[in-house]
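# Tertiary structure, described
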Amino acid sequence: MAYKILFMGASYGSLFASKLIPGGHKMHFICLPAEAELINKEGIRIRMPVKGREGLVEIDSQKLKANISASGPQGVNPSDYDLVCLAMMEPQYRSPGVRELLDAVAKSKVPCMSIMNMPPLPYLKRIPGLNTDGLRAAYAEAAVWDSFDPNFITLCSPDPQAFRPPDEKVNVLQVRLPTNFKAAKFASDKHTAILRSLEKDVDGARYDDGTGAKIELPVKLKVHDSIWVPLAKWPMLMAGNYRCVTKDGMRPIKDTVHGDLALSKSVYDWVVKLCVSLGASEKDMVPFEKYANAALSLLSPSSAARALYGGAPNIERVDRLVQAIAKQKGINNAAIDEVVGLVDKQLEANRAKAKAA
């Protein structure tokens, strides 16, 4: 069955969307005017490495005759869609126009899947025993999530690593680490059936490699019964991405993880234990050794670190979220506390500079 899918965010969202093209789904992106104009004119192009092949394989939506379009948030009716994918950075949902559309999404009761690093606040309400009121300060503006019913929202761990090449147009995305999207089921079996249908579409898709041969590409969608599986990204973010932030500036993820492997493992394992204390199983998590091996290919600083040192007044604060959840459990981690302090300090400097400009 072909679905109508609304993507709030066209950068990272285009990666997930590219995997759905062979299924014939109708997809619409909410994005900035320049992005929308380019996508409507030239489509999206996703480049990724494929094991055993040299160079990158490109998915060109125009060549595949994809049914995609793009616009700003105005005039979009969420009720026209079967599924909404949240693919913006969390602070962007407070933006004029976007926040109103997000509220309309919540009130429409259309099933909504997040592929953000920062889990939507209503998703956390699905975790038993968690005091989500005590976590609101970790969000740029927690109130934008207040209209959501937790039963209509799920989380998909954004494990694949991708970036926009600086010398390319904004409709081009390059995958650095082609791992899988891991989604938790919805509360409703009916809504979960949509995800399982998409999972089959992605798994069965084959692409022309340019020579007429049909090949299988990496980056799949895996749907899990456990609501804790997407939390497996938290140890990675805390041991790697956020620790790219140092008092001397930012550093690549590889150097962060492997510069002091024992410290990285201690942070990683500590966050795993925190997730287990919330109800996760050890098997829901990714072993540190597997993550550390993947980190060898991550030669740039994390997107959070780049945004922070690029002057952003707000970034996603998974570091603050993990710290706040740990506080509810009566525990803390010195390395994470240090990172939170460094991020807080740099954000204060960024906001002061923006205010003075």
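Scroll up a little and you will see the structure.
Computed from a predicted model, the values in this text were never measured in an experiment. (Residues numbered from 1 in each chain as written. Predicted model: local features only at pLDDT ≥ 70, side-chain atom pairs only at ≥ 80, totals over all residues. Heavy atoms only, no water.)

### A word on the overall build of the chain
Across its full length, the chain holds 12 helices and 16 strands. Taken over the C-alpha atoms alone, the chain extends approximately 55 × 50 × 45 Å along its principal axes. Residues classed as buried in the chain amount to 54% of the 357 residues present. When the accessible surface of the chain is totalled, it reaches about 15,400 Å², and 51% of it is carbon and sulfur. For the chain, the separation between the mean place of its 47 positive charges and that of its 39 negative charges on side chains is 0 Å. (Helix = DSSP H or I, 4+ residues; strand = E, 2+ residues; numbered from the N terminus. Buried < 20%, exposed > 50% of the residue type's maximum accessible area, 1.4 Å probe, protein only. Areas by Shrake-Rupley, 256 points an atom, 1.4 Å probe, with all protein chains shown as cover. Lys, Arg positive; Asp, Glu negative; His and termini not counted. Charge placed at Lys NZ, Arg CZ, Asp CG, Glu CD.)

### Topic: the side chain of Asp344
On the secondary structure map, Asp344 appears in helix α12 (residues 334-356). A polar side-chain atom of Asp344 sits 2.9 Å from a polar atom in the side chain of Arg317. Those residues in contact with Asp344, other than ones at most four positions away along the chain, are Arg317 and Arg320. (Polar contact = N/O pair within 3.5 Å; in protein donor to acceptor, adjacent residues only side chain to side chain. Contact = heavy atoms within 4.5 Å.)

### What about the pattern of salt bridges?
Using the criterion set out here, one finds 18 salt bridges in the structure. Across the salt bridge formed by Glu58 and Arg47, the nearest N and O atoms sit 2.8 Å from each other. Here Arg47 lies in strand β3 (residues 45-49) and Glu58 lies in strand β4 (residues 56-60), a separation of 11 residues in the sequence. Assessed through its relative accessible area of 31%, Glu58 is described here as partly exposed. A relative accessible area of 15% means that Arg47 is categorised as buried. Among the ionic pairs, Arg206 bridges to Glu216, the shortest N-O distance being 3.7 Å. Taken together, the residues span a long stretch of sequence, with Arg206 in the loop between α5 (189-204) and β12 (207-208) and Glu216 in the loop between β13 (214-215) and β14 (221-224) at a distance of 10 residues. (Salt bridge = Lys/Arg side-chain N within 4 Å of Asp/Glu carboxyl O.)

### Considerations on the sheet that holds strand β2 (residues 26-30)
The mixed open sheet is built from eight strands, whose spatial order is β5-β2-β1-β6-β7-β8-β11-β14. The sheet terminates laterally at β5 (67-71) and β14, the two strands that pair on one side only. Between one strand axis and the next, the sheet turns by 25° as a mean value, whatever way the strands run. With four bridges joining them, strand β11 (residues 181-184) and β14 adopt parallel strand pairing. Bridging from a neighbouring strand, Ala183 pairs with Val223 of β14. (Pairing = 2+ DSSP bridges. Axes fitted to C-alpha atoms, helices over the stretch in contact; angles between N-to-C directions.)

### Points about the sheet that holds β4
Spatially, the four strands line up as an open sheet ordered β4-β3-β10-β9, and their pairing is mixed. What marks the edges here is a single partner per strand, and that holds for β4 and β9 (161-163). On average, each strand axis in the sheet is inclined to that of its neighbour by 25°, with strand direction left out of account. When β9 meets strand β10 (residues 172-177), the two strands line up antiparallel, connected through three bridges. Bridging across to β10, Gln161 finds its partner in Leu177.

### Overview of the packing of helix α6 (residues 233-241) against helix α11 (residues 318-328)
Between α6 and α11, whose axes approach to 10 Å, the crossing angle comes to 110°. As summarised for this structure, α6 and α11 are arranged roughly perpendicular, according to the angle between their axes. You can see that α6 and α11 cross each other, and the crossing is left-handed. Two secondary-structure elements touch here, α6 through Trp234, Leu237 and Met238 and α11 through Val318, Asp319, Leu321, Val322 and Ile325. Taken together, the residues of the contact of α6 with α11 break down into seven nonpolar, no polar and one charged. (Parallel < 35°, antiparallel > 145°, perpendicular 65-115°, else oblique. Left-handed = near helix turned anticlockwise from the far one by under 90°. Nonpolar A, V, L, I, M, F, W, Y, C, P; charged D, E, K, R; others polar.)

### Considerations on helix α9 (residues 288-295)
Among all positions of α9, only Phe288, Tyr291, Ala292 and Ala295 are buried. Along α9, the residues classed as buried sweep out an arc of 100° about the axis, all on the same side. Those residues of α9 that are exposed and aimed more than 90 degrees away from the buried face are Glu289, Lys290 and Asn293. In the core, the buried residues of α9 are packed alongside α6, α7 (253-259) and α8 (261-278). (Arc of directions from axis to C-beta.)

### A closer look at the environment of Ser79
With respect to the helices and strands, Ser79 occurs in the loop between β5 and β6 (83-86). Sequence-wise, Ser79 and Met1 are 78 residues apart; in three dimensions their C-alpha atoms are separated by 18 Å. Leaving out residues up to four positions away in the same chain, Ser79 has contacts with Ser108 and Val110.

### Observations concerning the packing of aromatic side chains
Taken as a whole and judged by the stated rule, the model has nine aromatic pairs. Aromatic side chains Phe7 and Phe29 sit 5.3 Å apart centroid to centroid with 35° between the ring planes, which places their arrangement in the tilted category. Highlighted residues: Phe7 in strand β1 (residues 4-8) and Phe29 in strand β2, separated in sequence by 22 residues. Per residue, the accessibility class of Phe7 equals that of Phe29, and both read buried. With centroids separated by 5.3 Å and ring planes inclined at 70°, the aromatic side chains of Tyr268 and Phe288 adopt a geometry described as edge-to-face. Linking Tyr268 in helix α8 with Phe288 in helix α9, this pair joins segments that are 20 residues apart in sequence. Here Tyr268 falls in the buried class, since its relative accessible area comes to 1%. Connected via pairs of aromatic rings, a cluster forms that spans Phe7, Tyr12, Phe16, Phe29 and Phe181. Over the face of the ring belonging to Tyr81 we find Lys4, whose NZ or CZ atom lies 5.8 Å from the ring centre. (Phe/Tyr/Trp six-rings, centres within 6.5 Å; stacked < 30°, edge-to-face > 60°. Lys NZ or Arg CZ within 6 Å of the ring centre and 35° of its normal.)

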